[in-house]
Amino acid sequence: MCFSFYFFEDCFSIEELKKHFDFYEPLTVHESSLSPCVHSIQAAKLGRMNQAYEFYLQTSRLDLDDYNHEVSEGLHITSMAGTWMSIVEGFGGMRIKNNQLHFTPQIPKQWQSYSFKINFRGAILELFISKTESQVTLIEGEPCAVFLNGKSVSLTPKPVLS
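Note that this is a predicted model, so its numbers are computed, not measured.

A. Structural context of the sheet that holds strand β1 (residues 95-97). The four strands are arranged β1-β2-β6-β7 in an open sheet whose pairing can be described as mixed. At either end of the open sheet lies a strand with only one pairing partner, and these are β1 and β7 (151-155). Strand-to-strand twist across the sheet, computed as the mean angle between neighbouring axes with direction ignored, equals 35°. The pairing of β1 with strand β2 (residues 100-103) spans three bridges and is antiparallel. For Arg95, the partnering residue across the bridge sits in β2 and is His102.

B. Quick look at a nonpolar patch on the surface. A grouping of Phe3, Phe7, Phe8, Phe12 and Leu34 is seen on the molecular surface, where their side chains present a nonpolar patch of about 480 Å² in accessible area. Summarising the element assignment, Phe8 is placed in the loop between α1 (2-7) and α2 (14-24). Overall, the relative accessible area of 51% leaves Phe8 in the exposed class.

C. Representation of the pairing of strand β3 (residues 113-120) within the structure. The alternating pattern of β3 places Tyr114, Phe116, Ile118 and Phe120 on a buried face, while none of Ser113, Ser115, Lys117 and Asn119, on the opposite face, is buried. Two strands pair when backbone bridges link them, and β3 and strand β4 (residues 123-130) are joined in this way by eight bridges, in the antiparallel orientation. Within the sheet, the bridge partner assigned to Ile118 lies in β4 and is Leu125. The loop that links β3 with its antiparallel partner β4 comprises two residues; one of these, Arg121, has a positive phi angle of about 55°.

Rules behind the numbers
- Residues numbered from 1 in each chain as written.
- Predicted model: local features only at pLDDT ≥ 70, side-chain atom pairs only at ≥ 80, totals over all residues.
- Heavy atoms only, no water.
- Pairing = 2+ DSSP bridges.
- Helix = DSSP H or I, 4+ residues; strand = E, 2+ residues; numbered from the N terminus.
- Axes fitted to C-alpha atoms, helices over the stretch in contact; angles between N-to-C directions.
- Patch = residues over 30% accessible without salt bridge, like charges linked within 9 Å, V, L, I, M, F, W, Y side chains within 5 Å.
- Areas by Shrake-Rupley, 256 points an atom, 1.4 Å probe, with all protein chains shown as cover.
- Salt bridge = Lys/Arg side-chain N within 4 Å of Asp/Glu carboxyl O.
- Buried < 20%, exposed > 50% of the residue type's maximum accessible area, 1.4 Å probe, protein only.

Here it is as structure tokens:
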């Protein structure tokens, strides 16, 4: 269920996501290494940061805590990618809509701040989130615009100081 809402989220309302999430999530065993990260992203979209953080911990610690008792068979590379997805798409709220980059960041109460860099169409962007601010910076590339919390932000490269 959650994967449909993840891949086709623009086809569903928040109310539909909430209804299906609340019904299916308690029935989900989360044994797949991809399940917790997608649920983290969806919980963050619903504004349920405590739940999003718990799913983030599941995906980030899957092999460290050997949840499935199978580390001896190898690591879950998908869970490693899921950790990144939980932060960037979940907490950072990154989406591409109408060929434009959007961020609606939130921060788990357990963190003071976080940041990540992405390469979007040749532009290197850094998003910094703290409890008091959200900031996006163009590190490298041509001037561009992104949306931060629904507002268009024009970005130009930071000057290089010598």
